[in-house]
Amino acid sequence: MPTRHVLLALTVAVLWGLNFLAIHASLEQFPPLFLVALRFGIIAIPTVLFVPRPRVPWKWLIAYGLGFGTLQFLFLYAGMTAGFPTGLASLVLQASAPFTVLLGAAFLGERLGRRALTGIGAASAGLVVVGLSYGDAAPLGPFLLVLCGALGWALGNIASRQARADKPLNLVLWMSIVPPLPMLALSLGVEGPARIGDAIATSLSPAAIPAWIGLAYTIALGTLLGSGIWVWLMARHPAGSVAPFSMLVPVVGIAAAWIVLDERPAWLELAGGVLIVGGVLWASRQQARDSSQPHPGQPATASALP
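The rules we used
- Residues numbered from 1 in each chain as written.
- Predicted model: local features only at pLDDT ≥ 70, side-chain atom pairs only at ≥ 80, totals over all residues.
- Heavy atoms only, no water.
- Core = buried A, V, L, I, M, F, W, Y, C linked by side-chain atoms within 4.5 Å.
- Buried < 20%, exposed > 50% of the residue type's maximum accessible area, 1.4 Å probe, protein only.
- Contact = heavy atoms within 4.5 Å.
- Axes fitted to C-alpha atoms, helices over the stretch in contact; angles between N-to-C directions.
- Helix = DSSP H or I, 4+ residues; strand = E, 2+ residues; numbered from the N terminus.
- Parallel < 35°, antiparallel > 145°, perpendicular 65-115°, else oblique.
- Left-handed = near helix turned anticlockwise from the far one by under 90°.
- Phe/Tyr/Trp six-rings, centres within 6.5 Å; stacked < 30°, edge-to-face > 60°.
- Lys NZ or Arg CZ within 6 Å of the ring centre and 35° of its normal.
- Salt bridge = Lys/Arg side-chain N within 4 Å of Asp/Glu carboxyl O.
- Nonpolar A, V, L, I, M, F, W, Y, C, P; charged D, E, K, R; others polar.
- pLDDT = per-residue confidence, 0-100.

## Thoughts on the nonpolar core
Next, step 1: Grouped together as the largest cluster of nonpolar side chains are 68 residues, with contacts concentrated most on L76, Y77, F84 and V92.
Next, step 2: In contact with F84, not counting residues within four places along its chain, are G79, A89, V92, Y134, P142, F143 and V146.

Structure follows, in structure tokens:
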């Protein structure tokens, strides 16, 4: 990759890493389930009006929206609201990679080589270490919620592979039409109209400005700009050259949360993080080589982070 493209990939890693701080700021104002509906509702309206629908079957578009857009952010936002640290959330969400490999083997018949199994084992061990270290000082529930978010992302990855969109960014944008209505209904049932109404009413005060800035960042920089650059890079370089840059996201996320929120991860959590990132990188090298040579008529796909 030329230097300019490397700098673009690093920019995406920084944008996506800082996105967790933006999510944290928005969750300070809005209930988590309502925030998911709000985030994707804002994206969905201009998408339907101005972005051509990707030429993919509706079932895979809906499945992608349910997995990547609905389940991932439902559990991620709920876990962060329940107290899971912002920086560690950016790390645990990387469990989507081994989950995707396992689901691909189970449902798509993709072969698991020795490298993939070794990497999955290392990443799984890292998750256990992080979970045990975090659960030793706090309830384990928030960790499990974020882990379920990673599983939702993996389910979305499987759906996006089956969709085989010719324009992956259009698929990322159009899946935003799926989460708003079910998440709004769930928010009304779980969080209640009173809590939602209070959040909306107080969102016009100066104290809510960071929440709106965080939401704008998540939509404009985290989703549109970050995903746009990522798709552009994936279309021009082998996946094996681009994909490893996503492993810098938790590094940025943890460092930013440490500096801004004073979240200091324990050494055992950092050790687990090294296992997770190392395992994902080790397993993804072969996967990346395979995905850089798509079958005839099957375009390479790209993923987007929160």
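## What about the packing of helix α3 (residues 58–81) against helix α7 (residues 141–163)?
Next, step 1: Relative to each other, α3 and α7 sit at 165°, their axes nearing to 7 Å. In terms of their interaxial angle, α3 and α7 are classed as roughly antiparallel. Crossing handedness for the pair α3 and α7: left-handed.

## Observations regarding the packing of aromatic side chains
Next, step 1: With the rule as written, the count across this model stands at 10 aromatic pairs.
Next, step 2: Taken together, a centroid distance of 5.5 Å and an interplanar angle of 55° make the contact between F40 and F73 tilted. Of this pair, F40 sits in helix α2 (residues 32–50) while F73 sits in helix α3, and the two are 33 residues apart along the sequence.
Next, step 3: Ring geometry for F84 and F143: centres 6.0 Å apart, planes at 45°, overall tilted. Taken as a pair, F84 in the loop between α3 and α4 (86–92) and F143 in helix α7 lie far apart in primary sequence, 59 residues in all. Like F143, F84 is buried.
Next, step 4: Clustering of aromatic rings is evident, with ring pairs tying together F40, Y64, F68, F73, Y77 and W153.
Next, step 5: The ring of F73 carries R39 above its face, with NZ or CZ at 4.3 Å from the centroid.
Next, step 6: Across the ring face of W282, the terminal group of R115 is positioned such that the distance to the ring centre comes to 3.9 Å.

## Digging into unusual backbone geometry
Next, step 1: In this structure, R164 takes a positive phi of about 50° despite not being glycine.
Next, step 2: Topologically, R164 is positioned in the loop between α7 and α8 (168–174).
Next, step 3: Positioned with a positive phi, D262 is a non-glycine residue whose angle comes to about 60°.
Next, step 4: You can see D262 is positioned in the loop between α13 (248–261) and α14 (267–291).

## Regarding the pattern of salt bridges
Next, step 1: Tallied over the entire structure, the rule returns three salt bridges.
Next, step 2: With a shortest N-O distance of 2.6 Å, R55 and D166 are connected by a salt bridge. With a gap of 111 residues between them, R55 in the loop between α2 and α3 and D166 in the loop between α7 and α8 connect regions that are remote in the sequence.
Next, step 3: Of the residues examined, R55 reaches a relative accessible area of 69% and is grouped as exposed.
Next, step 4: For the salt bridge of R161 with E110, the shortest nitrogen-to-oxygen distance reads 2.7 Å. Taken together, the residues span a long stretch of sequence, with R161 in helix α7 and E110 in the loop between α5 (96–107) and α6 (114–137) at a distance of 51 residues.
Next, step 5: Accessibility expressed as a relative area gives 28% for E110, which makes it partly exposed.

## Some details on the packing of helix α9 (residues 180–190) against helix α10 (residues 192–202)
Relative placement of two packed helices is described by the angle separating their axes and the distance separating the axes.
Next, step 1: Put simply, α9 and α10 touch, their axes get as near as 5 Å, and they point 110° apart. When the axes of α9 and α10 are compared, the pair comes out roughly perpendicular. Taken together, the residues of α10 that come into contact with α9 (itself represented by S187, L188 and V190) are G192, P193 and I196.
Next, step 2: A breakdown of the residues in the contact of α9 with α10 according to their chemical character gives four nonpolar, two polar and no charged.

## Some thoughts on the environment of A95
Next, step 1: On the secondary structure map, A95 appears in the loop between α4 and α5.
Next, step 2: By relative accessible area, A95 is classed as buried at 1%.
Next, step 3: For the pair A95 and L275, spaced 180 residues apart in sequence, the C-alpha to C-alpha distance is 11 Å.
Next, step 4: When sequence neighbours within four positions are dropped, the list of residues in contact with A95 reads L127, L147 and A150.

## Structural notes on the confidence of the model for the protein chain
Low pLDDT means the predicted coordinates in that region are not meant to be read closely.
Next, step 1: The pLDDT averaged across the protein chain works out to 88; a share of 92% of its residues lies at or above 70.
Next, step 2: Of all the helices and strands in the protein chain, helix α12 (residues 239–242) carries the lowest mean pLDDT, 70, while α9 carries the highest, 97.
Next, step 3: In this model residues 291–302 is a low-confidence stretch, pLDDT under 50, and it forms 18 contacts with partners more than four residues away in sequence or in other chains.

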